[in-house]
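One-letter residues, chain by chain:
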Amino acid sequence: MVIQFAGYKKCGKTSIISWLTKKLTEKGLKVVVLKHHWHKDPIELKSKDSEQFFEDGAVLSAVESHGNMNMSFKFPDLDIETFVDFIKFMSYDIVLVEGYKSEDYPKFVLLRKNEDDEDLEVLKNLTNIIDYIPYCPDIEEREQHYEQVLAWIKKNR
């Protein structure tokens, strides 16, 4: 199952994905997270050697220790389908995607506090929208919306 979370900057996409990752992992599910890195800056690695290989031009550079792997890769025009194909060898239950607004996976759209009409019109034209999540500064109110997303995942998984 692949689920997207779309919205403009500072709307809470990372927060909901982090919360869902914890909750789903607690339930024994294996979660993969894909964040659309829209910045032009290179992605940092924690290993000097693997970082050097990446800077030297490797399309994928990884470091593994005791079953944990940190990897970065760069493929021109990488889309979600290619990523999902890439990770098929892994045993996972769900992929949570931050961004990639134009893709057609089931998605939840997060709204900002001061969304203007033009922003809302763009977001309303996205495909496969399950629901909109309003901006909520109150943590308890926000988590009520998160719980609704979790319930949708349980029902549709």
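Refer to the preceding data block for the structure.
This report concerns the structure included in the present document. Nothing here was measured: the structure is a model prediction, and the numbers come from that model. Within each chain, residues carry numbers counting from 1 in the order of the written sequence. Whole-chain, interface and lining totals are the exception, using all residues; otherwise, since this is a predicted model, local features are given only for residues with pLDDT of at least 70 and side-chain atom pairs are given and counted only at 80 or more. Water and hydrogen atoms were dropped before computing side-chain values, which therefore reflect all heavy atoms in the structure.

Another aspect to go through is the overall build of the protein chain. Check the secondary structure of the protein chain and you find five helices and seven strands. Helix and strand definitions here come from DSSP, where helices need a minimum of 4 consecutive H or I residues and strands a minimum of 2 consecutive E residues; each element is numbered from the N-terminal end. Listed by position from the N terminus, the elements making up the protein chain come as β-α-β-α-β-β-α-β-β-α-β-α. Buried residues in the protein chain amount to 34% of all 157 residues. In this analysis, two residues are considered to be in contact whenever any of their non-hydrogen atoms come within 4.5 Å of each other. For the protein chain, restricting intrachain contacts to residue pairs at least 6 apart in sequence, the fraction spanning at least 24 positions comes to 60%. Using the Shrake-Rupley algorithm and a 1.4 Å probe, accessible areas are obtained, with residue cover drawn only from the displayed protein chains. With the model as given, the accessible surface of the protein chain reaches about 10300 Å², and the carbon-plus-sulfur share is 49%. A 1.4 Å probe rolled over the protein chains alone gives each residue an accessible area, and that area as a share of the maximum for its type sets the label: buried under 20%, exposed over 50%, partly exposed in between.

Further remarks concern helix α5 (residues 139-156). Take the number of residues in a helix, subtract one, and multiply by 1.5 Å to get its expected span. For α5, built from 18 residues, the straight-helix expectation of 26 Å at 1.5 Å per residue is met to within 8% by its first-to-last C-alpha distance of 26 Å. Buried residues in α5 make contact with β1 (2-6), α1 (13-26), β5 (94-98), β6 (107-110) and β7 (129-133).

With that settled, the discussion passes to α1. Between the first and last C-alpha of α1 there are 20 Å, a value that for 14 residues agrees with the 20 Å anticipated at 1.5 Å per step. Every buried residue of α1 is listed here: Lys-13, Ile-16, Ile-17, Trp-19, Leu-20 and Leu-24. On an axial view of α1, the arc spanned by its buried residues comes to 165 degrees, and they lie on one face. Exposed side of α1, more than 90 degrees from the buried face: Lys-22 and Glu-26 are the residues found there. Downstream of α1 by a residue or two, Gly-28 has a phi angle that is positive, lying close to 90 degrees. As used here, the arc belongs to the directions running from the helix axis to the C-beta atoms.

By themselves, these are just geometric observations and shouldn't be taken as functional.
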